[in-house]
Amino acid sequence: AQSVTQLGSHVSVSEGALVLLRCNYSSSVPPYLFWYVQYPNQGLQLLLKYTTGATLVKGINGFEAEFKKSETSFHLTKPSAHMSDAAEYFCAVSVQEAGGTSYGKLTFGQGTILTVHP
Amino acid sequence: IAGITQAPTSQILAAGRRMTLRCTQDMRHNAMYWYRQDLGLGLRLIHYSNTAGTTGKGEVPDGYSVSRANTDDFPLTLASAVPSQTSVYFCASSADRNTEAFFGQGTRLTVV
């Protein structure tokens, strides 16, 4: 079975500072990994995903993440935080099953709330 | 605007009552999913459907049932609600197994 751990339920940064949200996963097979963002009272929106190929993946709104197999990590970064980045962020791993991988059947981490100060 | 519509947006329900959360998508996606979101636990998969006419159990299916009579609709039913089912419920869909999942706006359910 897969699992995801997000280190830090709350992260606070200043506007313009580096954003680093940590995610570690556990999977017995090569994982497909995702980062979603949730703005208040809204659904989830996909930021980026890693399936195969290049381990550094770029997403929307200037975010990127690097898959590190040796560290079982998929940390999310953004060089310069904007006020509009304040939201909750979820790391997720796709569930492996007999028929293959489903992008919609996900195991989520606990979430990290990002606060951006002026 | 194409997407996923969930109804109601919020509901307060007496324990023991039956409740159906509605989910409709107009993107002609094959796969649909129901998740519940609880503080500190992230989202957990309740049930899913890979295509119309088929359903499957997720991580936390007990107390919930689903049906998938057609491509567009995927209702979630609580046969006899209990307070532990107080949560925010999200419906999602994806074109097929290997494409991005899109989420609805959620239904906030409180069972008292």
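Going by the structure above, here's the rest.
The residue numbering used here restarts from 1 in each chain and proceeds along that chain's sequence as written. Naming scheme: in the order in which they are written, chains are lettered from A and ligands are numbered from 1. Local features in this predicted model are restricted to residues whose pLDDT is 70 or higher, and side-chain atom pairs enter the listing and the counts only when it is 80 or higher, whereas totals over whole chains, interfaces and linings include all residues. Think of the side-chain values as coming from all heavy atoms in the structure, minus any hydrogens and water.

(A) Quick look at the overall build of chain A. In this description a helix means any DSSP run of H or I spanning at least four residues, a strand means any run of E spanning at least two, and both kinds are numbered starting from the N terminus. Scanning chain A from terminus to terminus reveals zero helices and 11 strands. Its helices and strands taken in sequence order, chain A reads β-β-β-β-β-β-β-β-β-β-β from the N to the C terminus. As a reference, a globule follows 2.2 Å times the number of residues to the power 0.38, and the radius of gyration itself is taken over C-alpha atoms. On C-alpha atoms alone, chain A measures out to a radius of gyration of 14 Å, which is about the 13 Å that the 2.2 N^0.38 rule sets for 118 residues. Dimensions along the principal axes, computed over C-alpha positions, put chain A at roughly 50 × 30 × 20 Å.

(B) Region of the structure containing the state of the cysteines. Two cysteine sulfur atoms form a disulfide, by the criterion used here, when they sit within 2.5 Å. Considering all chains together, one arrives at two disulfides over all chains under this definition. The side chain of Cys23 of chain A participates in a disulfide bridge whose partner is Cys91 of chain A; the two sulfur atoms lie 2.0 Å from each other. Here Cys23 of chain A and Cys91 of chain A share a disulfide; its torsion about the S-S bond, -65°, makes the bridge left-handed. With Cys23 of chain A in strand S3 (residues 19–26) and Cys91 of chain A in strand S9 (residues 87–97), this residue pair connects regions lying 68 residues apart in the sequence. With respect to class, Cys23 of chain A is no different from Cys91 of chain A; both count as buried. A disulfide bridge connects Cys23 of chain B with Cys91 of chain B, and the sulfur atoms are separated by 1.9 Å. Torsion about the S-S bond of the Cys23 of chain B and Cys91 of chain B cystine: about -70°, corresponding to left-handed handedness. Burial classes: relative accessible area under 20% of the type maximum marks a residue as buried, over 50% as exposed, and values in between as partly exposed (1.4 Å probe, protein chains only).

(C) Representation of the sheet that holds strand S8 (residues 73–78) of chain A within the structure. Residue and element names in this part refer to chain A. With antiparallel pairing, the five strands of this open sheet are ordered in space as S1-S3-S8-S7-S6. The sheet is open, and its two edges are formed by strand S1 (3–7) and strand S6 (56–58), each paired on a single side. Sheet twist, expressed as the mean angle between neighbouring strand axes with direction ignored, is 20°. Any two strands with at least two DSSP bridges between them are considered paired. Both S3 and S8 contribute to a ladder of four bridges, which runs antiparallel. Bridging from a neighbouring strand, Asn24 pairs with Ser73 of S8. Axis definition: a line fitted to C-alpha atoms, limited for helices to the stretch in contact. Angles are taken between N-to-C directions and run from 0 to 180 degrees.

(D) Seen up close, the side chain of Gln25 of chain B. Residues and elements named next belong to chain B. Secondary-structure assignment places Gln25 in strand S3 (residues 19–25). Residue classification places Gln25 among the buried positions, given a relative accessible area of 1%. Polar contact is defined as a pair of N or O atoms within 3.5 Å, subject to the rule that within protein one atom must be able to donate a hydrogen and the other to accept it, and that residues adjacent in sequence are counted only when both atoms are side-chain atoms. A distance of 3.0 Å separates the side chain of Gln25 from the backbone nitrogen of Met27, its partner in a polar contact. Within the local environment of Gln25, its side chain forms a polar contact with the backbone nitrogen of Arg28, the two atoms lying 3.1 Å apart.

(E) Up close: the pairing of strand S5 (residues 44–50) of chain A. Residues and elements named next belong to chain A. Judged by how many residues are buried, S5 sits mostly within the fold: five of seven residues are covered. With six bridges joining them, strand S4 (residues 33–38) and S5 adopt antiparallel strand pairing. Bridge pairing links Trp35 to Leu48 in S5.

(F) Here's a closer look at the sheet that holds strand S7 (residues 64–66) of chain B. Residue and element names in this part refer to chain B. Read across the open sheet, the four strands follow the order S1-S3-S8-S7; overall the sheet is antiparallel. Each edge of the sheet is formed by a strand with only one pairing partner; in this case those strands are strand S1 (4–7) and S7. Each strand axis lies, on average, 20° off the axis of its neighbour in the sheet, ignoring direction. Bridge count between S7 and strand S8 (residues 76–78): three bridges; the pairing is antiparallel. Considered in S8, the bridge of Tyr64 is made with Leu78.

(G) Fine view of unusual backbone geometry. Put simply, Ala7 of chain B and Pro8 of chain B share a cis peptide bond, and its omega is -5°. Tracing the sequence through the fold places Pro8 of chain B in the loop between S1 and strand S2 (10–13). Although it is not a glycine, Asn41 of chain A adopts a positive phi angle of roughly 60°. With a relative accessible area of 69%, Asn41 of chain A lands in the exposed category. The residue Asn61 of chain A is not glycine, and still its phi comes out positive at about 60°. Looking at where Asn61 of chain A falls in the secondary structure, it is placed in the loop between S6 and strand S7 (64–68).

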